[in-house]
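Here is what each chain is made of, one letter per residue.
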Amino acid sequence: MKNRTAIMTVAALLSVVPAPAYAATLETTVTPGWPSYVIGILSLLAAAFLLVDAVLLQRVAQGGAIAENISFMVLGVVCLAASVLVKWILGLLSSDVSLPQVTLASDALVLLSMVLLGLYFWRVRSVLAGYLKTAKAYASAATTPAEELSAAPAAESVTDSTAGEGDTRV
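The model shown is predicted, which means the values in this text are computed figures rather than measured ones.

Draft legend 1. View of the overall build of the protein. In terms of helices and strands, the protein carries 8 helices and 2 strands. When the elements of the protein are put in sequence order from the N terminus, they spell out α-α-α-α-α-α-α-α-β-β. Expressed as a percentage of its 170 residues, the buried residues of the protein come to 15%. For the protein, contacts bridging at least 24 residues in sequence account for 61% of all contacts bridging at least 6. When the accessible surface of the protein is summed, it comes to about 13,100 Å², and 69% of that surface belongs to carbon and sulfur atoms.

Draft legend 2. The arrangement of the side chain of Ser83 in detail. Within the secondary structure layout, Ser83 lies in helix 6 (residues 70–92). From its side chain, Ser83 meets the backbone oxygen of Leu80 in a polar contact 2.7 Å long. When neighbours within four sequence positions are excluded, Ser83 is seen to be in contact with Ser106, Leu109 and Val110.

Draft legend 3. Structural detail: the packing of aromatic side chains. Following the criterion strictly, the structure yields 1 aromatic pair and no others. A ring pair is formed by Tyr120 and Phe121, whose centres lie 5.0 Å apart and whose planes are at 65 degrees; its orientation type is edge-to-face. You can call Tyr120 buried: its relative accessible area is 5%.

Draft legend 4. Focus on helix 7 (residues 99–142). The first and last C-alpha atoms of helix 7 sit 64 Å apart over 44 residues, in line with the 64 Å expected at 1.5 Å per residue. Within helix 7, the full set of buried residues consists of Leu99, Val102, Ser106, Ser113, Leu116, Tyr120 and Val124.

Criteria and thresholds
- Residues numbered from 1 in each chain as written.
- Predicted model: local features only at pLDDT ≥ 70, side-chain atom pairs only at ≥ 80, totals over all residues.
- Heavy atoms only, no water.
- Helix = DSSP H or I, 4+ residues; strand = E, 2+ residues; numbered from the N terminus.
- Buried < 20%, exposed > 50% of the residue type's maximum accessible area, 1.4 Å probe, protein only.
- Contact = heavy atoms within 4.5 Å.
- Areas by Shrake-Rupley, 256 points an atom, 1.4 Å probe, with all protein chains shown as cover.
- Polar contact = N/O pair within 3.5 Å; in protein donor to acceptor, adjacent residues only side chain to side chain.
- Phe/Tyr/Trp six-rings, centres within 6.5 Å; stacked < 30°, edge-to-face > 60°.
- Expected span 1.5 Å × (residues − 1).

In structure tokens, the structure reads:
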């Protein structure tokens with residue numbers, strides 16, 4: 001019963017969500033020219049900064065989980081930058097490309113970017129969680145209770161001729 005309700009809810013949401021986008025007219029969905037380009041330029045500059053920072057992070061974290069999975073983050077940032085460029089296509093090629101095609105392509109790139117960034121963070125988190133679990137297990141095995149330390153025999157001084165100065169034996 002719960003599965004059927006969940007499936008029906010998902011189907012209803014998927015059938016209703018794109019409806020406003022297709023029902024809207026061209027005049028209500030087009031944004032003004034220059035603010036869109038300014039925001040696009042700022043987005044591309046932010047993407048360039050993120051890409052440079054990701055490459056520098058990969059060099060610093062070489063051999064670690066962050067560096068091994070950084071390609072997912074780089075691809076996610078590239079998809080975000082491409083979504084900005086796809087929206088600019090409408091302004092440059094408005095006679096050859098329709099608004100729903102551009103919007104769909106841009107939204108698909110944003111979705112792909114979110115999936116890649118989510119995959120990056122999930123993989124890094126799972127590796128670090130495994131590392132912390134192992135480190136905690138090692139730390140708990142290495143520590144001994146105070147009662148065991150007080151019951152252990154004290155170190156004895158070595159007095160035979162083969163030992164060096166200050167050597168001790170447990």
